[in-house]
Amino acid sequence: MDLDKALKGRHSVHRFKSKKPDWRDIIESIDSARFAPMAGGNYTLKFVLVNDSEKIKKIAVECQQDFVGTVHYVVVACSKFGRTINSYGKQGEVYARQQAGAAIENFLLKIQEFGLSTCWVGYFVEKNVKDILEIPEDVNVEAVFPIGFEFEKKHARESKIDLDNILYFNSYGKTKMGEAEKN
Ligand SMILES: Cc1cc2nc3c(=O)[nH]c(=O)nc-3n(C[C@H](O)[C@H](O)[C@H](O)COP(=O)(O)O)c2cc1C
């Protein structure tokens, strides 16, 4: 699958088939996160792949979202800020959050490439998710991803937001490129 197809085809899925994904595809998707840019080369991301159905049910409760509990695999993305904070002080936490997003997007695109689907679940009771997965105190939970096959395949959508709404030239709010690039 080419990058454009993966980018445009990715969408959040809340209803999955009962078919079990190949766990190797999920691990390869997690592997793609290693290639994301990381401030100072400090890799802060950790992923927990959960196939324990009891734990998956408990995680769904902590997300207060039933669909999370309907899959065979859940991936929980975590950040360990320690090294970036040591290197960059308070800004280190900002970097760790930013690079979590970059790494997660790699993961999402790879999931898409494998024909799998997920939804980025950002709402959960963090302390309780940490307890379920025995995640240490100094590690933050970034997001929860239930993984499966989409129940009913949707067609790739057109862009959700116009380019005009996100792109400015030379000054914030300026929507015209100007003379220099007329050719
Ligand atoms: C940081 C973040 C948190 C999110 N949390 C949730 C969530 O808790 N539950 C959910 O169903 N979707 C959640 N989403 C998915 C968004 O609602 C979804 O990406 C958005 O509606 C755009 O749709 P799309 O993913 O199909 O492009 C979250 C997405 C992000 C980036």
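What you see is a predicted model, and the numbers here were worked out from it, not measured in a lab. (Residues numbered from 1 in each chain as written. Predicted model: local features only at pLDDT ≥ 70, side-chain atom pairs only at ≥ 80, totals over all residues.)

A. Representation of the overall build of the protein chain in the model. Along the protein chain, the regular secondary structure elements total 6 helices and 3 strands. Along the chain direction, N to C, the helices and strands of the protein chain fall in the order α-α-β-α-β-α-α-α-β. Structurally, the protein chain occupies a C-alpha span of about 60 × 45 × 30 Å along its principal axes. Relative to its 183 residues, the protein chain shows a buried fraction of 28%. Restricting the contact set of the protein chain to residue pairs at least 6 apart, pairs at least 24 apart contribute 76%. (Helix = DSSP H or I, 4+ residues; strand = E, 2+ residues; numbered from the N terminus. Buried ≥ 20, exposed ≤ 12 C-beta atoms within 10 Å, placed from the backbone. Contact = placed C-beta atoms within 7 Å.)

B. View of helix 2 (residues 23-32). Along helix 2, the positions that sit buried rather than exposed are I26, S29 and I30. Along helix 2, the residues classed as buried sweep out an arc of 100° about the axis, all on the same side. Among the exposed residues of helix 2, those pointing more than 90 degrees away from its buried face are R24 and I27. (Arc of directions from axis to C-beta.)

C. Main features of the packing of helix 3 (residues 53-63) against helix 6 (residues 126-133). Running from N to C, helix 3 and helix 6 cross one another at 170°; their axes reach a closest spacing of 9 Å. Accordingly, the angle class assigned to the pair helix 3 and helix 6 is roughly antiparallel. On helix 6, the residues touching K55, K58, I59 and E62 of helix 3 are N128, V129 and I132. (Axes fitted to C-alpha atoms, helices over the stretch in contact; angles between N-to-C directions. Parallel < 35°, antiparallel > 145°, perpendicular 65-115°, else oblique.)

D. Spatial organisation of the site of the ligand. Around the ligand, the neighbouring residues are H11, S12, Q65, C119, W120, V121, G122 and Y123. Taken together, the residues that form the shell around the ligand break down as 4 nonpolar, 4 polar and no charged. (Near = placed C-beta within 6 Å. Nonpolar A, V, L, I, M, F, W, Y, C, P; charged D, E, K, R; others polar.)

E. Looking closely at the pairing of strand 2 (residues 73-80). The element strand 2 is extensively covered by neighbouring structure, given that 6 of its 8 residues are classed as buried. By the bridge criterion, 6 bridges tie strand 1 (residues 45-50) to strand 2 in an arrangement that is antiparallel. If you follow V48 over to strand 2, its bridge partner there is V76. Summarising the sheet, strand 2 and strand 3 (residues 139-147) pair through 8 bridges and their orientation is antiparallel. Across the sheet, residue K80 finds its bridge partner in strand 3, namely V139. (Pairing = 2+ DSSP bridges.)

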